[in-house]
Structures are given as C-alpha cells and as structure tokens.
Amino acid sequence: TIKVSMPLDDLVLRLQRLLDRLIRRVSLGRAPVPPRRRFLVVQIDGLSQAVLEEALAGGRAPFLRWLLRHGCHRLAPMSVGLPSSTPAFQLAAMYGVRPDIPGFHYHDKRRRDDVWFPRGGDAAWVEATQAAGRRGILEDGGAYGCVFTGGATSNLLTFAVVKRLTGAGALRALSRYVVLAWVVVKSSMFSAMELTRAVLRLIADPVGETERGWRWLAIKIGISVWLRELFTMVVARDLYAGVPAVYVNYLDYDVFAHAYGPRHPRALRALRRIDRSSHQLWRVLRRVPEHRYDLYVLSDHGQTPCTPYLRLSGGRPIEQVLCDFFDPERPRATEASGGRVRRVASGIAAFRARRAPGLFQRFVNYLEQDFALVLGGVRSVREHGGIRVVSAGPNAFVYFLESGEPLGLEWIEARFPGAVDEIARSPGVGFVLVRSQAGPVCVWRGKRYRLDDLHAGPFAGRSDLDRVVEGIRDLMAMPSAGDLVVYGIDAPEGNVSFVPEVSAHAGTSYDELHTFLIHPQAVELQAPIGHPVELYPLFMRYQGSGA
C-alpha cells in the first residue's frame with residue numbers, strides 16, 4: 001500500500017510545485033539562488049541506540065540500514081544528559097544552552113506555577129526566557145511536532161505555538177491546501193483499511209481482540225497514520241520549496257513504547273513506519289539536488305522498561321506517599337521499620353494490572369489535579385502543608401514552597417530529620433538526589449554518596465559513569481529541579497515509573513541516556529557526542545554562523 005501511494009504523493013507534490021511557481025512568478029519574483037547548504041533533521045522520538053542497532057540487524061529499519069551500509073552516512077553515538085527528555089534535548093540542540101528543564105512537568109518556584117509543556121503558553125514561556133537573545137538553528141525554516149520552534153517561521157503542532165498558524169501569507173498558503181487535501185484523502189483511506197483489519201481480527205479472535213482493547217487502534221490511526229502522513233507531506237513540500245532548515249519529530253515509536261515497551265512488536269512496527277516515511281523524504285531530497293540538503297536522523301532519548309508505581313504501593317500515588325513523609329505528626333521510621341513497610345507494601349500490591357493507556361492518558365495524568373480534570377488515572381501533583389510534589393515519569397520533584405530558592409540537605413535535615421534517608425529506602429524508589437553545601441548528594445538505599453563516590457554506589461560498574469555524574473551535576477544545578485529529586489530507576493523492585501506506563505524515560509538507565517546521530521559522511525563530528533548542546537554549532541554552520 002505504501003509503495004502504491006508514493007507515486008500519488010509525488011503527483012500531488014508536483015502539482016503543488018507548479019502552483020508554487022505560478023504564485024512566485026505572479027507575486028514574489030524568481031526563486032532565490034541557494035546561498036548555502038540546507039539540512040533536514042528527522043527525530044525518532046524515544047529510540048535508544050541499543051534498540052536501533054537491534055532494529056537494523058533484524059530488518060526493522062531497512063532504509064536506515066541501507067543509508068549506513070552504502071557509505072553515504074555514518075552512525076555516531078550520542079549521550080543526551082539529564083533529564084533524558086524531549087524538551088531538555090530540543091532546547092539544548094536548537095539554542096545551544098544548558099536548559100533549566102528538569103522534566104516534562106515541574107514547578108518553578110520563582111514563577112510560582114507549574115510548567116507542563118502541552119499546556120498553552122508554557123513551552124513558549126520557557127523558550128522566550130531560556131533562549132532569549134540566541135539564534136535558533138531553524139531560523140527561516142520549519143518545525144513539525146516539536147516542543148520548541150528553534151526560530152522556525154513555519155510550525156505545525158509545535159507546543160510553543162500550538163494555537164497559532166504560522167508560515168506564509170495567503171497566496172503561498174494556498175499551495176499548502178493541495179498537500180493538506182491529499183493528506184486527508186490518503187489518511188482516510190488508510191484509516192478505513194486499519195478499521196477493516198481490526199474488524200476482521202475481532203471476528204477471528206473476539207476474546208483476544210477485546211482483551212487487547214481498542215485504545216491502541218485509535219492511537220495508531222491518530223498518531224501513526226494522520227500525524228505521520230501530515231508531517232511527511234508537509235516536510236516534503238518544504239524540501240521541494242527549498243526551505244533552509246527543517247526539523248520533524250516523529251512521535252509514533254515513543255507513544256507505542258510508553259504503552260507496550262521499547263522492544264514490543266507494536267513499537268517496532270511503528271519504527272518501521274517511520275523508516276518508510278524517512279525513505280520517502282530521502283527520495284524527495286534526491287529529486288532536488290540543487291537545494292543541497294544534508295539529512296540527519298537522531299533521537300532525543302531512549303526508554304527503559306518499568307513497573308508502574310501503583311502496583312507496588314497498593315494504589316497510593318507517589319505524590320501522596322512523599323507528602324506523608326513530611327507530615328509533622330508522622331513518626332520517623334527506623335531502618336528496621338522501613339523494612340517492615342517494604343514487606344507490607346509488597347503484600348498489598350494487589351493493584352489491578354492493566355496496560356498503560358498511552359499518550360492521551362499520560363498527558364491527562366500530568367494535568368489532572370492542577371486543572372481539576374477528573375478523568376481517571378493517577379494524580380501527578382499534590383500540594384499539602386507548603387510542600388508540592390510533581391511526578392513526571394520515573395522522576396518526582398519535592399518542593400518546599402516557603403523559600404523561592406532551592407533548599408539543600410542541611411535545611412531539610414534540620415526540619416525533617418531522617419526523612420530523606422527514609423524516602424530512599426522506601427518501596428519503588430531507586431535513589432534520591434539533593435543539593436548540599438558540599439555539592440549534589442545521591443542517597444541510595446539510605447546511604448549518602450557524593451558525586452566523586454558514585455563508583456561505589458548505585459552506578460558501580462557503569463562504563464558511562466562520567467556521563468552519569470555530569471548529568472546529575474547539570475540536573476541539580478537547575479533552579480527548577482526539586483529540592484528533592486526522587487527517581488524510580490534502579491529501585492529494588494526494578495525500574496519504576498511514577499505514572500502509569502510500562503516504559504519510561506528522564507532517568508539514568510543506559511538506554512535512556514544513550515541514543516545516536518546518523519549524519520552525512522562528509523560532516524566531521526567530535527564523536528561521541530556528550531550532550532545535545534554540542535549539536536548547536538553543527539547546525540548553526542548552515543546558518544552561516546558558529547556557536
């Protein structure tokens with residue numbers, strides 16, 4: 001079906017190009033001579049280097065394998081730093097700054113408000129305040145499916161401008177309706193095919209198909225048909241038009257990995273579909289050699305399988321559990337009683353296991369308590385007694401609101417003796433990060449480690465220990481990181497996420513931190529890339545400027 005549709009895609013794009021040329025001749029003059037090379041970035045959201053390599057070996061990404069085997073591109077390892085999440089990665093890569101973005105959802109004491117990126121205005125505020133005065137790598141270009149604009153003048157489903165149509169005047173926008181109309185027709189046909197297959201599967205296996213549920217089908221049609229086709233066609237239109245810089249973020253794999261796991265067949269099928277779209281864009285690049293495009297394929301973070309925290313806590317959300325540790329009437333537990341708490345929690349983990357509900361519910365979980373949306377799931381925010389707790393995946397932030405500045409271990413220990421160590425020993429918690437007068441401290445299994453001592457602590461034996469230490473140092477230097485940063489990664493029960501998902505990111509596990517950059521062979525890199533901020537000077541060369 002995909003192969004049959006590609007000639008039709010080409011026909012629609014040629015029609016759009018003819019319309020573009022007519023409009024340009026009438027109102028804009030001749031097309032400009034390209035003054036420099038251009039670039040296209042394809043981001044595969046959530047794909048670790050390890051899963052990519054397995055997919056290449058197993059034939060799950062045939063185009064990317066061809067790209068690497070034919071010698072025109074190379075694969076470079078990349079470490080993404082902490083938190084291993086999309087907003088932090090994109091702000092660093094697009095503007096060359098070390099961001100103050102500790103998670104996808106966090107509290108800013110100075111602003112006295114939460115930052116939750118899909119909420120209207122939050123991404124724009126972060127971009128305006130943290131990238132103020134810096135040029136973005138997408139100046140005069142296009143950004144699709146991203147958190148930030150990167151300076152792009154054309155944006156589609158980008159959080160920072162999600163409510164604003166951007167990119168062209170009325171005449172030039174007219175040609176885009178040709179592409180949009182074809183996307184509607186094509187996606188409607190694919191949606192009908194997917195629904196037909198689902199009905200046939202239901203007839204063949206009514207019990208199994210009912211147990212699997214229909215939510216994944218809605219996600220597949222919405223994200224992996226409509227959005228992916230829309231992004232692919234709009235980007236193809238930009239490439240034909242010679243837009244100087246284009247960045248497209250394909251969400252399919254990340255969504256299915258959160259819901260089913262990074263190596264689940266459904267996640268890998270989503271990766272296969274992204275590979276096809278990347279191949280389609282490559283074919284467009286080959287047709288417009290005069291525009292001198294360079295293709296880059298990268299990922300912003302990986303994912304690690306995890307257990308939802310509610311399965312370990314008897315249904316109590318982590319926000320409530322953490323607030324209870326700071327209840328002045330709550331007796332401080334000894335290490336022995338902490339062990340008893342762990343045994344009791346394990347005994348009552350009769351929480352009904354169900355599949356993680358995917359992107360929509362994940363977003364709703366972040367919003368729920370702050371915006372009074374009672375739509376099910378677990379509340380991700382709790383404020384009680386001047387303490388606010390925000391969870392955002394395998395990480396949760398504890399903020400003591402009586403001070404607008406970050407507070408350290410000394411202050412917390414004086415006010416709540418033993419609480420930090422007790423949290424670090426509690427079920428579902430891997431380690432706790434906290435500032436101190438001597439620098440960041442990692443509390444693991446109730447024991448405290450300075451960064452220089454982590455080789456003997458929770459990260460003993462890690463080949464990338466230097467990257468982990470650097471990431472923790474960067475994270476705890478962020479003013480918006482919690483006074484306590486609690487991670488479910490490397491808990492005694494395994495990796496744990498504080499929101500209902502079976503695969504998570506933002507933490508320190510190897511797959512979360514280590515991704516890749518596929519780049520043209522002629523482009524020299526300092527490999528391996530240690531932080532996404534190092535991508536900024538690479539892409540700014542295309543703007544005729546250094547870092």
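Residues numbered from 1 in each chain as written. Predicted model: local features only at pLDDT ≥ 70, side-chain atom pairs only at ≥ 80, totals over all residues. Heavy atoms only, no water.

**Q** Now, about the pattern of salt bridges: what can you tell me, with residues and values included?
**A** Taken as a whole and assessed by the stated rule, the structure comprises 24 salt bridges. Salt-bridge contacts for Arg111 lead to Asp122; the nearest nitrogen and oxygen are separated by 3.5 Å. Of this pair, Arg111 sits in the loop between strand S3 (105-108) and strand S4 (113-116) while Asp122 sits in helix H5 (residues 122-130), and the two are eleven residues apart along the sequence. A residue is classified by how much of its surface remains accessible, and Arg111, at 27% relative accessible area, is partly exposed. By sharing partners, the salt bridges in this structure join Arg98, Arg467, Glu470 and Asp474 into a single network. (Salt bridge = Lys/Arg side-chain N within 4 Å of Asp/Glu carboxyl O. Helix = DSSP H or I, 4+ residues; strand = E, 2+ residues; numbered from the N terminus. Buried < 20%, exposed > 50% of the residue type's maximum accessible area, 1.4 Å probe, protein only.)

**Q** Break down the nonpolar core for me, with residues and values.
**A** Within the largest apolar cluster, 66 residues are counted, with the highest numbers of intra-cluster contacts made by Phe117 and Leu535. When neighbours within four sequence positions are excluded, Phe117 is seen to be in contact with Pro87, Ile101, Gly103, Phe104, Tyr106, Asp122, Ala123, Val126, Val147, Phe148 and Phe159. In terms of nonpolar packing, the next biggest core, distinct from the first, is built from 45 residues, Val42, Ala61, Tyr240 and Val243 among them. (Core = buried A, V, L, I, M, F, W, Y, C linked by side-chain atoms within 4.5 Å. Contact = heavy atoms within 4.5 Å.)

**Q** Before we move on, can you summarise the pairing of strand S8 (residues 293-298) with the specific residues and values?
**A** A regular strand carries its side chains on alternate faces of the sheet. Counting buried residues along S8, six of its six residues qualify, which places the element largely inside the surrounding structure. Burial along S8 is two-sided: the residues Tyr293, Leu295 and Val297 and Asp294, Tyr296 and Leu298 are all buried. Here six bridges tie strand S1 (residues 38-44) to S8, and the two strands are oriented parallel to one another. Its bridge partner being in S8, Val42 is matched across the sheet by Val297. Two strands pair when backbone bridges link them, and S8 and strand S20 (residues 514-520) are joined in this way by two bridges, in the antiparallel orientation. Bridging across to S20, Leu298 finds its partner in Leu517. (Pairing = 2+ DSSP bridges.)

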